[in-house]
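Chain residues, written in single-letter form:
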Amino acid sequence: MADKIKILALGGLDESGRDCYVIEINDDIFVLEAGSSVPDKTIPGVDFILPNFEYLIERKDRIVGYFMTHGHDENMGCLQYVYKEAPAPVYCTNATRIIMESEAKRFGLKPNFNYRIINLKDNVFQVAGREVRVFQTVHNAAYSYGIAIYTDRGYIVYTGDFIVDFTTEDEAYYFDLETVEDLSKENTLILLSESKSANKSGYCAPRHICYDRLLKYFKDGHKRIFVACFWQNFYRINEICKLARETHKKIYFYNDYTRMVMEELMKADKSICLHPEDILHPEDILRVKGEDVVILILGRGEKLYHEFQKLVYRTNEDKRITLNENDIFINIALPTPPLETLATRSMDALYRVNCEIVWLKSKELSSMHARQDDLKFFISRLRPQYYLPVRGNYVSLIANAMLALDMNSGLTHNNIFILDNGMQLIFDDKPKPYVLSNENGTIKVSPVLVDGMGISKIADQVIEDRQKLGVDGVVIIASTVSRKNKEIVAGPDCQMRGFVYSKEAEPLLKTVTQIYTEEVRIALLGESTNYEPAINNIKERCRRYFRRENGRDPLVVPIIVPID
């Protein structure tokens, strides 16, 4: 009997990040990626968004491995959480291991993963008695790879993040064409390919290279250079280091965070080669001519853009570092959609300083994700029986599917699948594969929201309360009661914040206090010591009252403190 195969996503479909793809072959589960994503402003107080991994916890005895294709949060950020509940071997390169461990330490965590380090040159191995091949790809993380899992129906191939580029000289960014060509001689059952840039024409290369665009500023300028970059873009950091070395400039690490990240990256990516004489130490920053210095600013997400504003208003960590007319500020951090507004606002602040601004935007500099011709490369080489676009918003998934459809390579509406998180693609004894919907929510895919630097999980109600606080304010009313005497002995005291102006508050305070007092006295007359019903009644009555009076819906927090 042929292998029974199930493919589903717990995250990564119709969204950016939070990637987690589950491949079930008979009784074995292969987990490809376990990533996180960053929240937008509609989810206040949240640090990370994770896939819902209850499906994996319930089947933890069947998991044969987690495969982390490279060291980015959207691919590995969830692993430290799911691993605690569902441990299994972690297959990654040594570079990715270094990044994962460094990230965990940064958040005060101590992961104890069962690593199986992958050597990309010795790239065929066994997992649970099944052949697995990996092939190195070019991405902005060092030593990224794709994976092919053997089944008796054909290989299941997942590209990971990639671009087609055969020109790179650094071994950390090498495209393993030989293994891909070997796979092309085999039968590919299904190809899972990333979709982030599927709506963009041509190849990504050489649009991803910033070296040529920045060389003139390094070579011909007589100004001090600031360069801002996301810490996870190893490729761009590598380019900046090369430019500095070739133009005989010293690199100064802007703050402790940048210094710590660079120490980690130089361990993970040997191509980022800085000799001691290339690095300017803090005590020497005022002793070197500005034109001989490159100040490197690294950051994560919105924190990087906040550093721009700190520089402008001189609230940055090192007060000796200030921007002036003798500086060039180069921004090569391409913002993701949730960060675009903040990026624009931060760059606008920089223009207040009389320095030269260079902002490479997406029209000039491409993120290192497969464009249409990159995607066509894998489709034409592997000639898969079935095609599954993954990793991207719905519009990107559709663009990827339409691209495959238009190639006339045997892929049609019948063998290209567009799924949502939780939907299952099944290959069994039926003549054709079929899709099971997740309308009844059998597979939980609602995101897990985490705050406190990844310490506690947040319920949906907490997010709703935070949104109310931000929009309609809060009303807090409290008293101390005596159950024995059946009376309020102190209060009630009512406080309003972010709700109404003080002149308008007096009649509202009076009515809210009256509602509160009535409900508390009714509760005290009863026999139960449970004040929850009274609290709920106060919330509901106040909510109706506020909506009727001024159309607002503040967060109402009644507090009852018993003394006996």
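Since the model is a prediction, treat every value here as computed from it, not as a measurement.

Cut-offs used in this document
- Residues numbered from 1 in each chain as written.
- Predicted model: local features only at pLDDT ≥ 70, side-chain atom pairs only at ≥ 80, totals over all residues.
- Heavy atoms only, no water.
- Helix = DSSP H or I, 4+ residues; strand = E, 2+ residues; numbered from the N terminus.
- Buried < 20%, exposed > 50% of the residue type's maximum accessible area, 1.4 Å probe, protein only.
- Contact = heavy atoms within 4.5 Å.
- Areas by Shrake-Rupley, 256 points an atom, 1.4 Å probe, with all protein chains shown as cover.
- Lys, Arg positive; Asp, Glu negative; His and termini not counted.
- Charge placed at Lys NZ, Arg CZ, Asp CG, Glu CD.
- Patch = residues over 30% accessible without salt bridge, like charges linked within 9 Å, V, L, I, M, F, W, Y side chains within 5 Å.
- Salt bridge = Lys/Arg side-chain N within 4 Å of Asp/Glu carboxyl O.
- Pairing = 2+ DSSP bridges.
- Axes fitted to C-alpha atoms, helices over the stretch in contact; angles between N-to-C directions.
- Parallel < 35°, antiparallel > 145°, perpendicular 65-115°, else oblique.
- Left-handed = near helix turned anticlockwise from the far one by under 90°.
- Nonpolar A, V, L, I, M, F, W, Y, C, P; charged D, E, K, R; others polar.
- Core = buried A, V, L, I, M, F, W, Y, C linked by side-chain atoms within 4.5 Å.
- Phe/Tyr/Trp six-rings, centres within 6.5 Å; stacked < 30°, edge-to-face > 60°.
- Lys NZ or Arg CZ within 6 Å of the ring centre and 35° of its normal.
- Expected span 1.5 Å × (residues − 1).

## What to know about the overall build of the chain
- Helix and strand counts for the chain stand at 15 helices and 26 strands.
- When the backbone C-alpha atoms are referred to their principal axes, the chain occupies close to 85 × 75 × 45 Å.
- Every one of the 564 residues in the chain was classed for burial, and the buried ones make up 56%.
- Taking the contacts inside the chain whose residues are at least 6 apart along the sequence as the reference set, 73% of them involve residues at least 24 apart.
- Accessible area for the chain stands at about 25,600 Å²; split by element, carbon and sulfur atoms hold 49% of it.
- Within the chain, the 80 negative side-chain charges are centred at a point lying 3 Å from the centre of the 71 positive side-chain charges.

## Quick word on a nonpolar patch on the surface
- On the surface, Tyr394, Ile398 and Met402 cluster together into a nonpolar patch covering about 270 Å² of accessible area.
- Here Met402 shows up in helix 12 (residues 394–406).
- Exposure remark for Met402: the relative accessible area of 41% places this residue in the partly exposed category.

## Remarks on the sheet that holds strand 17 (residues 327–331)
- The 6 strands are arranged 15-14-16-13-17-18 in an open sheet whose pairing can be described as parallel. Bordering the open sheet on either side are strand 15 (279–280) and strand 18 (356–359), each of which pairs with just one other strand.
- One ladder, built from 4 bridges, connects strand 14 (residues 250–253) with strand 16 (residues 293–299); its direction is parallel. Across the sheet, residue Ile251 finds its bridge partner in strand 16, namely Val294.
- Where helix 6 (residues 211–219) meets the sheet, it contacts strand 13 (224–230), strand 16, strand 17 and strand 18, and its direction lies at approximately 165° from that of strand 17.

## Observations regarding the packing of helix 11 (residues 372–382) against helix 12
- At a minimum axis distance of 10 Å, the contact between helix 11 and helix 12 shows a crossing angle of 55°. In terms of their interaxial angle, helix 11 and helix 12 are classed as oblique. Both helix 11 and helix 12 take part in a crossing whose hand is right-handed. For the pair helix 11 and helix 12, contact is made by Gln372, Leu375, Lys376 and Ile379 and by Asn400, Leu403 and Ala404, respectively.

## Some remarks on the packing of helix 5 (residues 177–184) against helix 11
- Running from amino to carboxyl end, helix 5 crosses helix 11 at an angle of 40°, the nearest separation of the two axes being 8 Å. Taken together, the axes of helix 5 and helix 11 lie oblique to each other. In this structure, helix 5 contributes Leu177, Val180, Glu181, Leu183 and Ser184 to the contact, and helix 11 contributes Phe377, Phe378, Arg381 and Leu382.
- Here the contact of helix 5 with helix 11 is built from residues that sort into 6 nonpolar, 1 polar and 2 charged.

## A word on the nonpolar core
- Residues Leu56 and Tyr66 are the most contacted members of the largest nonpolar core, which totals 139 residues.
- When residues in this core are grouped by element, the largest group, 7 residues, is from helix 7 (residues 234–246).
- Apart from the residues lying within four places of it in its own chain, the contact partners of Leu56 are Leu10, Cys20, Val22, Ile29, Val31, Ile63, Tyr66, Val82 and Ala86.

## Describing the sheet that holds strand 19 (residues 386–390)
- Read from one edge to the other, the open sheet built from 6 strands follows the order 8-9-10-11-12-19, with strand pairing classed as mixed. A single partner strand is all that each edge strand has here, and the edge strands are strand 8 (124–127) and strand 19. Across the sheet, the mean angle separating the axes of adjacent strands is 20° when strand polarity is ignored.
- Set on the sheet, helix 11 makes contact with strand 9 (130–136), strand 11 (155–158), strand 12 (188–194) and strand 19; between it and strand 12 the angle comes to about 175°.

## A few points about the packing of aromatic side chains
- Per the stated rule, a full pass over the model turns up 23 aromatic pairs.
- On the basis of an interplanar angle of 90° and a centroid distance of 5.5 Å, the ring pair of Phe377 and Phe378 is categorised as edge-to-face.
- Under the relative-accessibility criterion, Phe377 is labelled buried at 6%.
- The class for Phe378 is buried, based on a relative accessible area of 1%.
- An aromatic cluster is defined as three or more aromatic residues linked by ring pairs; in this entry it consists of Phe135, Phe162, Phe166, Phe175, Phe377 and Phe378.
- The residue whose ring lies beneath Arg59 is Tyr55, and the NZ or CZ to ring-centre distance is 3.7 Å.
- When the ring centre of Tyr434 is taken as reference, the NZ or CZ atom of Lys430 above it lies at 4.3 Å.

## Thoughts on the pattern of salt bridges
- Going through the model one piece at a time under the given rule, you end up with 27 salt bridges.
- As a salt-bridge pair, Glu101 and Arg97 come within 3.1 Å of each other at their nearest N and O atoms. In this pair, Glu101 and Arg97 both sit in helix 4 (residues 94–106), 4 residues apart, roughly one turn of the helix.
- With a relative accessible area of 21%, Arg97 lands in the partly exposed category.

## Some words on the environment of Val448
- Structurally, Val448 can be placed in strand 22 (residues 448–451).
- Each C-alpha atom of the pair Val448 and Pro87 lies 19 Å from the other, and the pair is 361 residues apart in sequence.

## Digging into helix 7
- Compared with an ideal rise of 1.5 Å per residue, which puts 13 residues at 18 Å, helix 7 spans 18 Å between its outermost C-alpha atoms and is within 8% of the ideal.
- Here helix 7 lies mainly inside the structure; 10 of its 13 residues are buried.
- Those residues of helix 7 lying buried are Phe234, Tyr235, Arg236, Ile237, Asn238, Glu239, Ile240, Cys241, Leu243 and Ala244.
- Looking at the buried residues of helix 7, the elements they touch are helix 4, helix 6, strand 13, strand 14, helix 8 (256–268) and strand 16.
- One or two steps after helix 7, the chain reaches His248, where phi turns positive at roughly 60°.

## Examining the environment of Val134
- Positionally, Val134 belongs in strand 9.
- Judged by its relative accessible area of 0%, Val134 falls in the buried class.
- Note: C-alpha distance between Val134 and Thr315 (181 residues apart in sequence) is 47 Å.
- Apart from residues no more than four positions distant in its own chain, Val134 is found in contact with Ile118, Leu120, Asn123, Phe125, Tyr145, Gly146, Ile147, Asp176 and Thr179.

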